[in-house]
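# Architecture at a glance
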Amino acid sequence: MKQLSVILSVIIFLLFTGCTPGKPTQGDADNSSAAQSLISSVLPESSQEISSAGLSSREQSSVYASSEEASSKQTPVSSNRQADVTSDKLSTDDAFSAETDLINQLKQLLVGYGDNIAVYYEDLETGRKIEFDSNRVFHPASVIKVPYMMYIYELAEQGKANLNRTFTYTEKNFREGAGKIAEMPYGSTFSTEKLIEYSIRFSDNIAFYMLRDVYTPSKFQSYAKELGVSVGANAMNRITARDCAIYYHRVYDKAKEGNANANKLLGFMKKTKYNQQIQKGVPDITIAHKYGWWNGNFHDAAIVYDKHPYMLIIFTNCDPESEPSFEIFKSVTEVIQLLHTAQAR
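Reading guide: rules and limits
Residues numbered from 1 in each chain as written. Predicted model: local features only at pLDDT ≥ 70, side-chain atom pairs only at ≥ 80, totals over all residues. Heavy atoms only, no water. Helix = DSSP H or I, 4+ residues; strand = E, 2+ residues; numbered from the N terminus. Buried < 20%, exposed > 50% of the residue type's maximum accessible area, 1.4 Å probe, protein only. Contact = heavy atoms within 4.5 Å. Areas by Shrake-Rupley, 256 points an atom, 1.4 Å probe, with all protein chains shown as cover. pLDDT = per-residue confidence, 0-100. Pairing = 2+ DSSP bridges. Axes fitted to C-alpha atoms, helices over the stretch in contact; angles between N-to-C directions. Phe/Tyr/Trp six-rings, centres within 6.5 Å; stacked < 30°, edge-to-face > 60°. Lys NZ or Arg CZ within 6 Å of the ring centre and 35° of its normal.

## Focus on the overall build of the protein chain
Along its length, the protein chain carries 13 helices and 8 strands. Across the 345 residues in the protein chain, those meeting the buried criterion constitute 57%. Once local pairs closer than 6 in sequence are excluded, the contacts in the protein chain between residues at least 24 apart make up 71%. As presented, the protein chain carries roughly 14,100 Å² of accessible surface, and 47% of it is formed by carbon and sulfur atoms.

## A short note on the confidence of the model for the protein chain
For the protein chain, per-residue confidence averages 79 on the pLDDT scale, and residues scoring 70 or more make up 73% of the total. The low-confidence segment residues 1-17, where pLDDT is below 50, has 44 contacts with residues more than four positions distant or belonging to other chains. Counted against residues more than four places away or in other chains, residues 20-85, with its pLDDT under 50, gives 159 contacts.

## A few points about the sheet that holds strand S7 (residues 297-304)
Spatially, S1-S3-S2-S8-S7-S6 is the arrangement adopted by the 6 strands of the open sheet, whose pairing is antiparallel. Looking along the sheet, the strands with just one partner apiece sit at the ends: strand S1 (90-92) and strand S6 (287-294). Adjacent strand axes in the sheet meet at a mean angle of 5° when their direction is disregarded. The pairing of strand S2 (residues 117-123) with strand S3 (residues 129-132) spans 4 bridges and is classified as antiparallel. Each bridged residue has a counterpart across the sheet, and for Val119 the counterpart in S3 is Phe132. With respect to the sheet, helix H13 (residues 327-344) is in contact with S2, S3, S7 and strand S8 (310-316), its orientation differing from that of S8 by roughly 150°.

## Quick look at helix H7 (residues 192-201)
Within H7, 7 of the 10 residues are buried, leaving the element largely enclosed by the surrounding structure. For H7, every residue scored as buried is listed here: Thr192, Leu195, Ile196, Glu197, Tyr198, Ser199 and Ile200. Buried residues along H7 sit in contact with helix H6 (145-157), strand S4 (166-168), strand S5 (189-191), helix H8 (205-214), helix H11 (260-270) and S6. The first or second residue beyond H7 is Ser203, which carries a positive phi of 50°.

## Observations regarding the packing of aromatic side chains
In this description, a pair of aromatic rings is defined by centroid distance and the angle of the planes. Inspection of every chain in the model, using the stated rule, returns 18 aromatic pairs. For the ring pair Tyr198 and Phe202, a centre distance of 5.3 Å and an interplane angle of 85° mean the geometry is edge-to-face. You'll find Tyr198 and Phe202 in the same group, each marked buried. When the centroid spacing of 5.2 Å and the interplanar angle of 85° are considered together, the rings of Phe298 and Phe329 count as edge-to-face. Linking Phe298 in strand S7 with Phe329 in helix H13, this pair joins segments that are 31 residues apart in sequence. Judged by relative accessible area, Phe329 falls into the buried class, the value being 0%. Taken together, the aromatic side chains of Tyr148, Tyr151, Phe208, Tyr209, Phe220, Tyr223 and Tyr247 make up a single cluster linked through ring pairs. A cation over a ring is seen here: Arg165 above Phe167, with NZ or CZ 5.1 Å from the ring centre. Directly above the aromatic system of Tyr305 lies the positively charged group of Lys270, at a separation of 4.4 Å from the ring centroid.

Given below as structure tokens:
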């Protein structure tokens, strides 16, 4: 019954909410085909039901639509590719060759979402990977806040930023969107580090832009390019799942080396306000993550602190206006967790 519930939720999601590049306007023929692909797969049993989304609609605000960013909005990609072409986007480490059933399960699940999803998994101890369309370009939405905050921390380590600097919230700083500073009175003051915390824990757009006004995007983009991110000079408004892995490796690796700032950043990511995506697929495991939601882009990227930690990044063009939209993250995470556990034995 649990398997049937999961399958029905995904089919309802495809038929009515539409995991498409933009609003759910795909024809019934396209979505019915995707639904049939999912019916044939046997999804892992679900231990929890989808609960309230818990996301403020203000996250989907205009704060990212500056002239710089609006000019680079993606042209939606058709979701009419044939299933065999879509499945070719899945690559797995040879170590997973024995897990045929689970790999096929994952493949069928991803094929059902067509062109609307990219996935990157990496075991952080062995380096084993599973990737699906991981070089596809998306808008990063609020996922970009993690590398941006790491960039500011690294500036502080170089003596180019003061984590105790005081920022005063004024009317000119107000922006629509997620967060808690908008509820505070003008004249409220914050340190650089407090703004970093709010940017991650509450996805606070005012905090992010107060920092961005001082630590400018052009210099961050140079930082991204030095890290080897493929989008380089467009890092503020373009990202791939593989690029996100580079950013997350920077934080995770520095933390593992004992870097205090990287460990603080991961601590903020473990306390983020929204936990309705990847966390739903691993409800009993701690994760450090950042989600993003803007203009038809809906993402989550996490370090999953299983006994053997791993990285999981899921980028989508899903419209998150109803609870079934979260099923894509939950279902993919459950299969990845099974694959990870099988390899960790």
